[in-house]
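The residues making up each chain are set out below.
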Protein chains: 6
Amino acid sequence: MKMDEITTNEMREIIKMDPLVILPIGATEAHGIHLPLGTDTFQAARVADDMAERMDNVLIAPALPYGIHSSMRNLAGTINITFDSMRSFVRDILDSFARHGIRRILIVSGHAASSHMTAITEACRSVVSEHDVKIMFVSDYRIVEEREDFRFEGDGHGGVIETSRMLAIDPDIVGSERPKGVFIDSDCVVLRDASSCMPDGIAGDTSKASAELGERMNNYIVETLIGMVEREMR
Amino acid sequence: MKMDEITTNEMREIIKMDPLVILPIGATEAHGIHLPLGTDTFQAARVADDMAERMDNVLIAPALPYGIHSSMRNLAGTINITFDSMRSFVRDILDSFARHGIRRILIVSGHAASSHMTAITEACRSVVSEHDVKIMFVSDYRIVEEREDFRFEGDGHGGVIETSRMLAIDPDIVGSERPKGVFIDSDCVVLRDASSCMPDGIAGDTSKASAELGERMNNYIVETLIGMVEREMR
Amino acid sequence: MKMDEITTNEMREIIKMDPLVILPIGATEAHGIHLPLGTDTFQAARVADDMAERMDNVLIAPALPYGIHSSMRNLAGTINITFDSMRSFVRDILDSFARHGIRRILIVSGHAASSHMTAITEACRSVVSEHDVKIMFVSDYRIVEEREDFRFEGDGHGGVIETSRMLAIDPDIVGSERPKGVFIDSDCVVLRDASSCMPDGIAGDTSKASAELGERMNNYIVETLIGMVEREMR
Amino acid sequence: MKMDEITTNEMREIIKMDPLVILPIGATEAHGIHLPLGTDTFQAARVADDMAERMDNVLIAPALPYGIHSSMRNLAGTINITFDSMRSFVRDILDSFARHGIRRILIVSGHAASSHMTAITEACRSVVSEHDVKIMFVSDYRIVEEREDFRFEGDGHGGVIETSRMLAIDPDIVGSERPKGVFIDSDCVVLRDASSCMPDGIAGDTSKASAELGERMNNYIVETLIGMVEREMR
Amino acid sequence: MKMDEITTNEMREIIKMDPLVILPIGATEAHGIHLPLGTDTFQAARVADDMAERMDNVLIAPALPYGIHSSMRNLAGTINITFDSMRSFVRDILDSFARHGIRRILIVSGHAASSHMTAITEACRSVVSEHDVKIMFVSDYRIVEEREDFRFEGDGHGGVIETSRMLAIDPDIVGSERPKGVFIDSDCVVLRDASSCMPDGIAGDTSKASAELGERMNNYIVETLIGMVEREMR
Amino acid sequence: MKMDEITTNEMREIIKMDPLVILPIGATEAHGIHLPLGTDTFQAARVADDMAERMDNVLIAPALPYGIHSSMRNLAGTINITFDSMRSFVRDILDSFARHGIRRILIVSGHAASSHMTAITEACRSVVSEHDVKIMFVSDYRIVEEREDFRFEGDGHGGVIETSRMLAIDPDIVGSERPKGVFIDSDCVVLRDASSCMPDGIAGDTSKASAELGERMNNYIVETLIGMVEREMR
């Protein structure tokens, strides 16, 4: 069920049933020459949709399609939200959820950069400290990445994982190129223009990507998350 | 063309052609017993889609589906963004547009409450004062409302205009009830709970709504906006 | 009774009687070649004085003579307060009123620009949500403007209404010129320099202004406000 | 000349002559059982008026009648502005002065509490670091207090100095009592309620006050300030 | 006892005994050609150490070695914290103390500039208004300076007092020069570069300084503070 | 060389030689029953001292002994700085360094929590975007932890690494207990009280700790950092 498609009365009834509300957070960010700018949004939205299909009592909030970026910031199409704006905007959304009596929230962020994650974490902490609400905050990308089977050498932003998943989600908006790119560590130097870390705009060898692999990754994420929710969000 | 479906390279090429970028801003807000919470988002998104269909060189940015609310704030499902969060989040989006060389931006807000409009206006002013960019900011709702033919006595939030337009946009998510409601002026008293201004959650007599009327309204908005853009955003 | 002319002991006694406290908010803003920069302050202060004369139990707080401006911002003498400063300064004043036990507040703003009004409204909302206090917030200008009899074609900033009222309030500080000016709509384009909307610095044909008309306007405002206060602020 | 009584054209001409703009800052603050809440505003305004009378090329800006308070904060009628609001409001005023080309500003604060003074000083520093403008910032109270002849044992807030000056400025709003009060040092303990430092609401023996003494004090301030301006603000 | 050298369990036991926690605040600031940049930190730390030696139940928190500066800001090595950063950082420290149940806090600031003192005072006020905690806030420099015996003509920053005290604290980091400098009053003009007030970087005739004198000053401060604590912080 | 022990003139000369300035950032945080609250500060300071001993042209800034905490926040003695305070305080320090012409800065943070790291990173980014300065930002803890030889099962906060290093740095302030603790993953649930993640206050089996191991770790960090600085900070 999607929150934007129901009425306030339906919402009131659903809240009484103590639903799990999923808030997908995406991004508008350069993802190499082959993946669309909305890659992170499409991935997070897909996770939410799949979970809603397999679980009862799930409500999907409208996706927030913007996030915080550093290395991709200067590439055409990357829309960069500052730390404070992101933190307070997400806090406001969560605060409204809590005020309406929602008690179980899952945030799925397609984007996983550390400032982005910290901003959202700070928003969550602020809301859990003020309301009686449980918030689980994950990046679907990190869930895949931590799994042994899905590790590819040097893989990262716009690499095998993201290309495969997008091929499984919507092949029509994936380009035909399969670029290769490296991530160059800055040795802890804080860069003015972090794009030098990824001269090709991606990290990994996307020739290894496939829709089939992406389907398995997407499934793995959904199953993992369903397990986590069942374990922790009762 | 949708920004989230193109790659960074495509974006770079499009920017060279000096596109009009449309940013739809919606809301997640109680809209009576018959309209969905995402009403404002659906309306703004539809305006953007129709404009992109009828004009060349238009690029649609991902819609922001949250806004600032007062009278509906306490009704189930209304997600309320605070003034400062809204202003700075929108400013960040516009700032990124301008940094990438976009010079013509149209913001269409489905929601038209005055704090919401002022927050976005402040964001626009901040960006036009710092960048060489032209921003037109409208509420599609206000465009209809100002037109003599579309005036219905006591019509307002969730009334004839919004019901008609939603019937034209997506009748499947419009309920079958046709409620009637009044707006009760607070005589300039600043209310702690402004929901008392609209005890029925809407204003107007929605029995007068129809898909055909909504179609005409949607067309009128799109034509008006195309005229304004052609006049002012060259 | 003026707040700045009484002692703290007198204040304490007056508060026990549940007074209506009027806070006049003005502006220092260019008002054409014939009206003084303090026009908005003089008008709001006059409304407060007249109300205090005709009602019992009214206390006038010191007028705040600065506000938020856009179209007049670049003309000599316009002092522009930023949105956040205005909002928090007014909030502090209201907060102090409420902490001292004042329960009925009327804010009369001579200036009526939308950012200015929103900033003050936000301040009021913040205070009514935290304290048991009733706040009525009006612009005297808007009260006149909404009245059929006082509508003059194209009239606006520094026009027939403001010139007439200032002639009634203090003719010595009104110049002898009676300029004519038009307001040029920006078609929703957010302007870097909004002064292009009013190339003559005013809107309307001030040759139609007179002290007699201004007297009637001032009376109308005061009577309207007394009615609103009696209806709503008991 | 008062800024609020002149037109924008007159303002533009005056600015060309490089005027000294005086901004009086007052307060609305309990001043014992005999002095009015606006004491600090009346004193600062009087200094400005007298200087304008004795010097050429002086323009008086509208007085800001609110400030920052600690020890008097809880007494009826004290309106307390928070540090950040005060700093940013004054900064905005000064910033507007500077943008219009004003190059010589004198701020006279009737109130002299240390947080109040620091907030205004911070505002001044911010503006002088960004604009080519000279700002002199004084408290008229401190000027008197530092002068040997005007020292009375234990004199302070609402004491001999302030009572005498108010008797010289406007005896009609000075009560007939001549209270005596002591200031009790808190030994550097930061108090939650600082009113315990001045149990009588004033410090000093006001029976020693007189209009004649006040006149001399007021004159001394004006002469001292004229000297400082002539020495430093060329 | 030093807070950084004990464990959390020891801390928990000490808190039960209602200790006096001393927070030394220093600075990194130019202090003439002969005194080290850390002069203010060394002085505050020494006061804390001496008090801990002579009193029971004292716990010393880690010193904060940075502060707010104006006149020395542009000299090599002065590290300047902005007002808001200082205020909120100190508030956070004090807030943590209070949350852990500490009820008696003494802040000793080696640096005594007025913005610096106000920022810390504001932090203290915020914490005492929210927690049941007693905070005494002093500058050791001001304690000496107010004492008749320790007054030297024109003495100030980096002068006889500071040189003498540093000679008593750690002669190895005091240079052999004994400079002479004057403080030039700015006549209340707010300076863009306040270093012109102290062209020699210090104020006073340091040839009068001696370790013996510094020892007496240090003793005087410690005795004075012990007296104040015993009187006020029970 | 320590910044707080040199004069402004010495500082000016050193800056001309383009020194590496090391800013140690520590914390005051519960570290189990055996390690002192200042553990992170002692470790960062030791790294700075060792680097200064082995390299030319190094200047050590005064250590900042406070940081951002979550899981240890409620344990006695943990002093918690909020995100915004930490970010702006560190930014101010770095900004002052840059204004004085320092071009090479190494920040060593003994504490490595993600909010803490992000706050400092944001501060660094702000400064590198405005000044021509190179900043390397590391956590010494993370350097050890990433090294294969120094990995111990389940080791973390207050575990083998930290106990060993403190034994090498200052055995006198290390308690005799050698506790064992586990880290319990919260499965991405954002906790109100994160102390439940470490019920023993530490993670790891500290019976495996030794001064000899700590010495090797400390050496490894210093050598690694010297290599990084030589590679990147020329």
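Residues numbered from 1 in each chain as written. Chains lettered and ligands numbered in written order. Predicted model: local features only at pLDDT ≥ 70, side-chain atom pairs only at ≥ 80, totals over all residues. Heavy atoms only, no water.

### Observations concerning the overall build of chain A
(1) Moving on: Secondary structure summary: chain A contains seven helices and six strands in total.
(2) Moving on: Taken from N to C terminus, the helices and strands of chain A fall in the order α-β-α-β-α-β-α-β-α-α-β-β-α.
(3) Moving on: Projected onto its principal axes, the C-alpha coordinates of chain A cover approximately 50 × 40 × 30 Å.
(4) Moving on: Taking all contacts inside chain A whose residues are at least 6 apart in sequence as the whole, residues at least 24 apart take part in 75%.
(5) Moving on: Computed over 24 positive and 38 negative side-chain charges, the inter-centroid distance for chain A is 4 Å. (Helix = DSSP H or I, 4+ residues; strand = E, 2+ residues; numbered from the N terminus. Contact = heavy atoms within 4.5 Å. Lys, Arg positive; Asp, Glu negative; His and termini not counted. Charge placed at Lys NZ, Arg CZ, Asp CG, Glu CD.)

### Things to note about the interface of chain A and chain B
(1) Moving on: Contact residues are listed per partner, giving 47 residues for chain A and 47 residues for chain B.
(2) Moving on: Where chain A abuts chain B, roughly 3,600 Å² becomes buried across the two surfaces, and 66% of that area is made up of carbon and sulfur atoms.
(3) Moving on: It is A:Thr8, A:Tyr66 and A:Phe89 in chain A that bury the most area against chain B; as a group they hold 17% of the surface buried on that side.
(4) Moving on: Here chain A is connected to chain B by zero salt bridges. (Buried area = accessible area lost by both parts, 1.4 Å probe. Salt bridge = Lys/Arg side-chain N within 4 Å of Asp/Glu carboxyl O.)

### Some words on the pairing of strand S1 (residues 20-25) of chain C
Residue and element names in this part refer to chain C.
(1) Moving on: The buried fraction of S1 is high, at six of six residues.
(2) Moving on: Burial of the side chains of S1 extends over both faces: Leu20, Ile22 and Pro24 are buried on one face and Val21, Leu23 and Ile25 on the other.
(3) Moving on: Two strands pair when backbone bridges link them, and S1 and strand S2 (residues 58-60) are joined in this way by three bridges, in the parallel orientation. Across the sheet, the residue bridging to Val21 is Leu59, located in S2. (Buried < 20%, exposed > 50% of the residue type's maximum accessible area, 1.4 Å probe, protein only. Pairing = 2+ DSSP bridges.)

### Quick notes on the sheet that holds strand S1 (residues 20-25) of chain A
All names here are of chain A.
(1) Moving on: Strand order in the open sheet made by the four strands is S2-S1-S3-S4, with parallel pairing throughout. At either end of the open sheet lies a strand with only one pairing partner, and these are strand S2 (58-60) and strand S4 (134-139). Each neighbouring strand pair of the sheet contributes to a mean axis angle of 20°, computed without reference to strand direction.
(2) Moving on: Sheet contacts for helix H2 (residues 39-54): S1, S2 and strand S3 (104-109); angle to S1, the most-contacted strand, approximately 165°. (Axes fitted to C-alpha atoms, helices over the stretch in contact; angles between N-to-C directions.)

### Here's the deal with helix H4 (residues 114-130) of chain C
(1) Moving on: Spanning 17 residues, H4(C) covers 24 Å between terminal C-alpha atoms, matching the ideal 24 Å at 1.5 Å per step.
(2) Moving on: Most of H4(C) is tucked away, with 13 of its 17 residues classed as buried. (Expected span 1.5 Å × (residues − 1).)

### Quick look at the pattern of salt bridges
(1) Moving on: Summed over the entire model, instances satisfying the criterion amount to 92 salt bridges over all chains.
(2) Moving on: Its salt-bridge partner being F:Arg87, residue A:Asp84 comes within 2.8 Å of it at the nearest N-O pair. On the criterion of chain membership, the pair formed by A:Asp84 in helix H3 (residues 83-99) and F:Arg87 in helix H3 (residues 83-99) is interchain, its members lying in two chains.
(3) Moving on: F:Arg87 gets classed as buried once you look at its relative accessible area, which sits at 10%.

### As for the environment of E:Ala209
Residue and element names in this part refer to chain E.
(1) Moving on: Mapped onto the elements, Ala209 comes out in the loop between strand S6 (204-205) and helix H7 (211-232).
(2) Moving on: It is 5.9 Å that separates the C-alpha atoms of Ala209 and Thr163, two residues lying 46 residues apart in sequence.
(3) Moving on: With near-sequence residues (within four places) excluded, Ala209 lies in contact with Val160, Thr163, Ser164 and Leu167.

### Re the relation of the copies chain A and chain F
(1) Moving on: For the pair chain A and chain F, the best superposition has an RMSD of 0.0 Å and corresponds to a rotation of 180° with a translation of 0.0 Å parallel to the axis. Both chain copies can therefore be described as sitting about a two-fold axis. Judged by C-alpha distance, A:Thr118 is the residue of chain A that lies nearest the rotation axis, at 3.5 Å.
(2) Moving on: A symmetric contact is evident, with 100% of the interface residues of chain A recurring at the interface of chain F. (Least-squares fit on C-alpha atoms with pLDDT ≥ 70 in both.)

### Considerations on the packing of H3(A) against H3(F)
A pair of packed helices is characterised by two quantities: the angle between their axes and the separation of those axes.
(1) Moving on: At a closest axis distance of 13 Å, the pairing of H3(A) and H3(F) adopts a crossing angle of 175°. In terms of axis orientation, H3(A) runs roughly antiparallel to H3(F). Between H3(A) and H3(F), the contacting residues are A:Phe83, A:Asp84 and A:Arg87 on the first element and F:Phe83, F:Asp84 and F:Arg87 on the second.
(2) Moving on: When its residues are assigned to classes, the contact of H3(A) with H3(F) shows two nonpolar, no polar and four charged. (Parallel < 35°, antiparallel > 145°, perpendicular 65-115°, else oblique. Nonpolar A, V, L, I, M, F, W, Y, C, P; charged D, E, K, R; others polar.)

### What about the packing of aromatic side chains?
(1) Moving on: Under the definition given, this model contains 18 aromatic pairs over all chains.
(2) Moving on: Judged by centre distance (6.3 Å) and plane angle (70°), the rings of A:Tyr66 and B:Phe89 are edge-to-face. Of the two residues, A:Tyr66 is situated in the loop between S2 and H3 and B:Phe89 in helix H3 (residues 83-99); the pairing between them involves two chains.
(3) Moving on: Ring pairs connect the aromatic residues A:Tyr66, A:Phe89, B:Tyr66 and B:Phe89, which therefore count as one cluster. (Phe/Tyr/Trp six-rings, centres within 6.5 Å; stacked < 30°, edge-to-face > 60°.)

### Observations concerning the interface of chain A and chain F
(1) Moving on: At the interface, 31 residues of chain A touch 31 residues of chain F.
(2) Moving on: For the pair chain A and chain F, the summed buried area comes to about 2,500 Å², and 52% of that belongs to carbon and sulfur atoms.
(3) Moving on: Taken as a group, A:Asp187, A:Val190 and A:Arg192 account for 25% of the area that chain A buries against chain F, more than any other trio of residues on that side.
(4) Moving on: Linking chain A with chain F are four salt bridges.

### Looking at the relation of the copies chain A and chain B
(1) Moving on: For the pair chain A and chain B, the relating rotation is 180°, the translation along its axis is 0.0 Å, and the fit reaches an RMSD of 0.0 Å.
(2) Moving on: Looking at the interface residues of chain A, 100% of them are also at the interface in chain B, so both copies use one shared face.

### So, the pairing of strand S1 (residues 20-25) of chain F
All names here are of chain F.
(1) Moving on: For the segment spanning S1, helix H2 (residues 39-54) and strand S2 (residues 58-60), crossover handedness is right-handed.
(2) Moving on: Across six bridges, the pairing between S1 and strand S3 (residues 104-109) is parallel. What sits directly across from Pro24, in S3, is Val108. (Right-handed = clockwise from strand over helix to strand, strands pointing away.)

### Observations regarding the confidence of the model for chain A
(1) Moving on: Put simply, chain A has an average pLDDT of 97, and 100% of its residues get 70 or more.
(2) Moving on: Overall fold confidence for the complex sits at a pTM of 0.97, while the interface term, ipTM, reaches 0.97. (pLDDT = per-residue confidence, 0-100.)

### Notes on the environment of D:His34
(1) Moving on: Relative to the elements of secondary structure, D:His34 occurs in the loop between strand S1 (20-25) and helix H2 (39-54).
(2) Moving on: Here the alpha-carbon distance between D:His34 and D:Arg147, two residues 113 residues apart in the chain, equals 24 Å.
(3) Moving on: Residues within four places of D:His34 in sequence aside, it is in contact with C:Thr7, D:Gly158, D:Thr163, D:Ile173, D:Val174, D:Gly175, D:Glu177, D:Arg178, D:Pro179, D:Ile202 and D:Thr206.
(4) Moving on: In terms of polar contacts, D:His34 uses its side chain to reach the side chain of D:Thr163, at 2.9 Å. (Polar contact = N/O pair within 3.5 Å; in protein donor to acceptor, adjacent residues only side chain to side chain.)

### Things to note about the environment of B:Arg147
(1) Moving on: Along the chain, the position of B:Arg147 falls in the loop between helix H5 (140-145) and helix H6 (160-169).
(2) Moving on: Taking the C-alpha atoms as reference points, B:Arg147 and B:Gly175, 28 residues apart in sequence, are found 26 Å from one another.

### Here we look at the side chain of C:Asp95
Residues and elements named next belong to chain C.
(1) Moving on: By secondary structure assignment, the location of Asp95 is in helix H3 (residues 83-99).
(2) Moving on: On the accessibility criterion, Asp95 (15% relative accessible area) is buried.
(3) Moving on: Only 2.5 Å separates the side chain of Asp95 from the side chain of Arg99, close enough to count as a polar contact.
(4) Moving on: Ignoring anything within four residues of it in the chain, the contact list for Asp95 reads Val127, Glu130 and His131.

### Observations regarding the arrangement of the chains
(1) Moving on: A gap remains between chain B and chain E, with no contact made and the closest C-alpha atoms lying 19 Å from each other.
(2) Moving on: One thing to see here is that chain D and chain F don't touch, and their nearest C-alpha atoms sit 15 Å from each other.

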